[in-house]
Every structure is written in structure tokens, then in C-alpha cells.
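# Notes for the structure review
Here is how the chains run, residue by residue.
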Amino acid sequence: MTEPAVPPVDDGTPLRVRVVRADRGALLVVPDDDLGAAAHRAELPRDGLLPLPDGTRVPPTVGDVVDVEVDATGAWRATALHTRRTAVVRDSAGRTSLEQAVAANVDVVLVVEHLDPEPDLGRVERLLTLAWRSGARPVVVLTKADLVPDADGMAAEVAQVAIGVDMHVVSVVDGTGLGPVRALLTPGVALVAVGPSGAGKSSLVNELAGREVMATHGLRADGRGRHTTTHRQLVPLPGGAVLVDTPGVRGVGLVAAPEALDATFADVTALAARCRFSDCAHVTEPGCAVRAAIESGDLPERRLASWRKLAREAAYAARRADARLAAEERARWKRVTREYHQRLRGAGSPRA
Ligand SMILES: Nc1nc2c(ncn2[C@@H]2O[C@H](COP(=O)(O)OP(=O)(O)OP(=O)(O)O)[C@@H](O)[C@H]2O)c(=O)[nH]1
Ligand SMILES: [Mg+2]
Ligand SMILES: [Zn+2]
């Protein structure tokens, strides 16, 4: 991109940088103490992975703190990854890993959902679970308030599935609710916006940045459908906060997250704790507090169904992760055994 805002390091001390954008072979990075500086390219090792302090090698993601060194040709090379304070992680069907880190070291996850068309409560629950699991604080942002007659009434319905979560109703067209969102942007804070394609994530990012950083659907003239944003990018905002814009996804796979599910479905878990049987399945058991709440209208039936669906999915992801671990362990033993036999052959016949 542009010239580095910092002098290249040549005394062997690695430079601490933040990842603005992560592509296959290289990163775009800015100095960790000057996130508004011009981004610089940093090469990745051939396998695209960097070691964490514990030795595991993982692909770096947007928001990661990385060490870079300058090689003889003056190129920046990423050498190591700092431990992630928080990580937004989704299930990935990829062959090389089961999980994909969407963003690292964020403080707030903005769950962005449109009011028009109608908000999808199941999606909000799913993204809230993703947010709770990340270790960052979830905040719901309902967009396009200008397009609906009763935005607050709709927000009240969404609030029922966003327990203990702050919510903002906004419009970038008439400026509704932007003040409270701006109030989140304190110096040094990092946010990530997640939500469906067309929800208005990039529009919000541009509004907060005060300039056109990300392309939005409305500006595209080529008539192509949705999925305007195609890569994740960390955008510096006025006042010293940063915000990661992400491409909208149709379905975000959940990774195993029992505690995160408990947080998202705090109402269901609180009721379940009062069922007569501790292993109550909330179907026909006597003394089921969950069924009682559904019958009295205190708990929407869809809430239980939604909780079941996500819990099943998380359990499936956990089993798959276990199976993968087991397979890796078998492969490791195969390798160790083969090497042992090769050594034996090389050293002649083994002694007892
Ligand atoms: N009326 C109205 N339209 C909005 C608002 N916010 C965004 N839009 C429009 O919604 C469309 C999609 O906005 P984007 O910001 O590109 O949506 P996105 O979430 O970034 O979508 P992807 O990049 O595909 O994930 C654009 O045409 C915007 O102009 C709003 O508050 N009110
Ligand atoms: Mg976008
Ligand atoms: Zn029960």
C-alpha cells in the first residue's frame, strides 16, 4: 500500500504490529501503537501459519498482534503471533482446520441485523452465541430504522432473545441512534461487525469512520447481488477505536460452546435449573419448569426449539473436533513408529 509510517527495523528487534488484513501469502499490518498509520505488507511463511507462544502454528487473522522482522532485502516478514485476548471463531468446513478465527483481540462484537426485511431472531441468537464465546462483549445493532414504521416495537421483540445485551436501533440515512454507537468508540477499543449480507455493516463502518472506507451495496453499479464486502478489514476510526468489517455470511457454523449457549439462552437455562429432574429433556417429564413456562406463555416455544438446535449443532462440532484430534494422534504415532523402525534398520539389528 503506502510508505511505512515507521522506520524499518534493522537492529534485530521485532516490530509489534496489528493485522489489518490477512490474505493467503501476506498480511497488511500497522504498528500496534499507531493503528491509524498507513498499512505495510508483511510476508508470511510458506505454509501461511505463525507460531503462538505455546508453539502451535495457526493462520493469523485480522486484529492479531504479530512480530515482524526485516530481512536482507528490506521485506517485512511476520515471525510470531501474540496470544489472542479474545477470538471470534466460527466453524469452518475447511480441510486444514475445523475452526476459522474471524477476528482477534476485539473488545466488542456488534451483531448487526436489519429491521427491513424483518430481523431473523434465530440468526441473532446464533451470532450472540458466537459473540459470547469470543470473550468480547456482544452489542446488538438493528439497522435501517428509517424503513419501518415501528422500529422500537420491533426492537422490543429482538430484545427478548438478547438477554443482558445492549441494543441500538440505528439508521445511517436519518442518523437515528448513531450517538450511542459512537459512544462505544473509546480510544484503544476494538470492535468487529458481524451479520448477514446487506444488513448495513459497511454503511455503518463508513458512517462511523466519517469517510467511504468500505464499498457498500448501494454504490455498486454492476448489478451484482449481495455479498458486497469480500474480505475482512480493520478500519481505524476517529478517536482511536478500530472496527473490523466482515463479509456477510449466510450461516455461521458454531463451534462447541456450552457456556456461550448458556449465556445466550440464560432464560432457558434458568428455567431448566428448576426442573424436577436434573436430566430433564423438557418434553413430557413431570415437574418440567421449561414446559410450564411455555404453557403459561412466559417462554416462547421457538426459544426452546432454537436452543435445542444450536446445542445439537455445538455438540456435533465438539464430536467432530474430538474425532479429528484422535486422528491426528493416530497419525503422530504412525510417524513415530515408522521413524523408530527406520532408525533400527539404520543401526543394524536392535539389541535387547
Ligand atoms: N434505508 C437504509 N438503507 C441502508 C441503511 N444502512 C445500509 N443501507 C443500505 O443497505 C444496503 C447494504 O448495505 P451494506 O453496508 O453494503 O451492507 P453489508 O452488511 O456491508 O453487506 P455485505 O458487505 O454484503 O455483508 C446498501 O444499499 C445500503 O445503502 C440504513 O440505515 N437505511
Ligand atoms: Mg459490507
Ligand atoms: Zn424440563
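To keep things clear, this report deals only with the structure shown in the data block. Model, not experiment: these values are computed from the prediction.

Another aspect to go through is the overall build of the protein. Counting its regular elements, the protein contains 8 helices and 15 strands. Once the C-alpha set of the protein is aligned to its principal axes, its extents read approximately 80 × 60 × 40 Å. Expressed as a percentage of its 352 residues, the buried residues of the protein come to 43%. Of the contacts formed within the protein by residues at least 6 apart in sequence, a portion of 62% connects residues at least 24 apart. For the protein, the computed accessible surface area is about 18300 Å², with 53% contributed by carbon and sulfur atoms. Counting 44 positive and 45 negative side-chain charges, the protein places the averaged centre of each group 9 Å from the other.

Residues in contact with ligand 1 amount to 22 residues; listed here are only the nearest, D146, S197, K201, S203 and T229. S197 is positioned such that a nitrogen or oxygen atom in its side chain is 2.6 Å from an oxygen atom of ligand 1. Burial of ligand 1 by the surrounding chains reaches 87%, relative to a free accessible area of 650 Å².

Each protein donor to the zinc ion (ligand 3) is listed here as C275 (SG), C280 (SG), H282 (ND1) and C288 (SG); together their distances run 2.1 to 2.4 Å. We classify C288 as buried; its relative accessible area is 7%.

On to the pattern of salt bridges, then. Considering all chains together, one arrives at 17 salt bridges under this definition. For the salt bridge of R18 with D32, the shortest nitrogen-to-oxygen distance reads 2.7 Å. Pair noted here: R18 is in strand β1 (residues 15-22) and D32 is in the loop between β2 (26-31) and β3 (40-43), with a separation of 14 residues, a long-range link. On the basis of relative accessibility, which here comes to 11%, the residue R18 falls in the buried class. In this structure, the salt-bridge partner of R182 is E207, at a minimum N-O distance of 3.6 Å. In this pair, R182 is assigned in helix α3 (residues 178-182) and E207 in helix α4 (residues 201-209), connecting sequence segments 25 residues apart. In this structure R182 comes out as partly exposed when scored by relative accessible area, which is 37%. Because the salt bridges share partners, they merge into one network encompassing E125, D267, R302 and R303.

Protein ligation of the magnesium ion (ligand 2) involves S202 (OG) and T229 (OG1), the donor distances falling in the range 1.9 to 2.1 Å. In this pair, S202 sits in helix α4 while T229 sits in the loop between α4 and β14 (233-236), placing the two residues 27 residues apart along the sequence. Taking the relative accessible area as the measure of exposure, S202 reaches 8% and is therefore buried. Given a relative accessible area of 10%, T229 falls into the buried group.

Turning next to a negative patch on the surface. A contiguous patch of negative charge, built from D116, E118, D146, E157 and D174, is present on the exposed surface. Along the chain, D116 falls in the loop between β10 (108-114) and α1 (121-134). Residue D116 is classed as partly exposed on the basis of its relative accessible area, which comes to 33%.

Further remarks concern the pairing of β14. Sheet topology places β14 next to strand β15 (residues 242-245); 4 bridges connect them, and they run antiparallel. Its bridge partner being in β15, P236 is matched across the sheet by V242. Hairpin connection of β14 to β15: 5 residues between the antiparallel strands, including G239 at a positive phi of 95 degrees.

Let us look at the packing of α1 against helix α8 (residues 301-346). Interaxial distance between α1 and α8 falls to 11 Å at its minimum, and their mutual angle equals 45 degrees. One way to sum up the angle between α1 and α8 is to call them oblique. Where α1 crosses over α8, the handedness of that crossing is right-handed. Contacts from L121, G122, E125, R126 and T129 in α1 reach R302, R303, S306, K309, L310 and E313 in α8. In terms of residue class, the contact of α1 with α8 is built from 2 nonpolar, 3 polar and 6 charged.

With that out of the way, let us pick up the environment of R308. Looking at where R308 falls in the secondary structure, it is placed in helix α8. In sequence terms R308 and A281 are 27 residues apart; their C-alpha atoms lie 10.0 Å from each other. In this view, R308 contacts A281, H282 and V283; residues no more than four positions away in its chain are not counted. At a separation of 3.2 Å, a polar atom in the side chain of R308 contacts the main-chain carbonyl oxygen of H282.

The rules behind each value
- Residues numbered from 1 in each chain as written.
- Chains lettered and ligands numbered in written order.
- Predicted model: local features only at pLDDT ≥ 70, side-chain atom pairs only at ≥ 80, totals over all residues.
- Heavy atoms only, no water.
- Helix = DSSP H or I, 4+ residues; strand = E, 2+ residues; numbered from the N terminus.
- Buried < 20%, exposed > 50% of the residue type's maximum accessible area, 1.4 Å probe, protein only.
- Contact = heavy atoms within 4.5 Å.
- Areas by Shrake-Rupley, 256 points an atom, 1.4 Å probe, with all protein chains shown as cover.
- Lys, Arg positive; Asp, Glu negative; His and termini not counted.
- Charge placed at Lys NZ, Arg CZ, Asp CG, Glu CD.
- Near = heavy atom within 4 Å.
- Polar contact = N/O pair within 3.5 Å; in protein donor to acceptor, adjacent residues only side chain to side chain.
- Donors = N, O, S within 2.8 Å, 3.2 Å for Na, K, Ca; no water.
- Salt bridge = Lys/Arg side-chain N within 4 Å of Asp/Glu carboxyl O.
- Patch = residues over 30% accessible without salt bridge, like charges linked within 9 Å, V, L, I, M, F, W, Y side chains within 5 Å.
- Pairing = 2+ DSSP bridges.
- Axes fitted to C-alpha atoms, helices over the stretch in contact; angles between N-to-C directions.
- Parallel < 35°, antiparallel > 145°, perpendicular 65-115°, else oblique.
- Left-handed = near helix turned anticlockwise from the far one by under 90°.
- Nonpolar A, V, L, I, M, F, W, Y, C, P; charged D, E, K, R; others polar.

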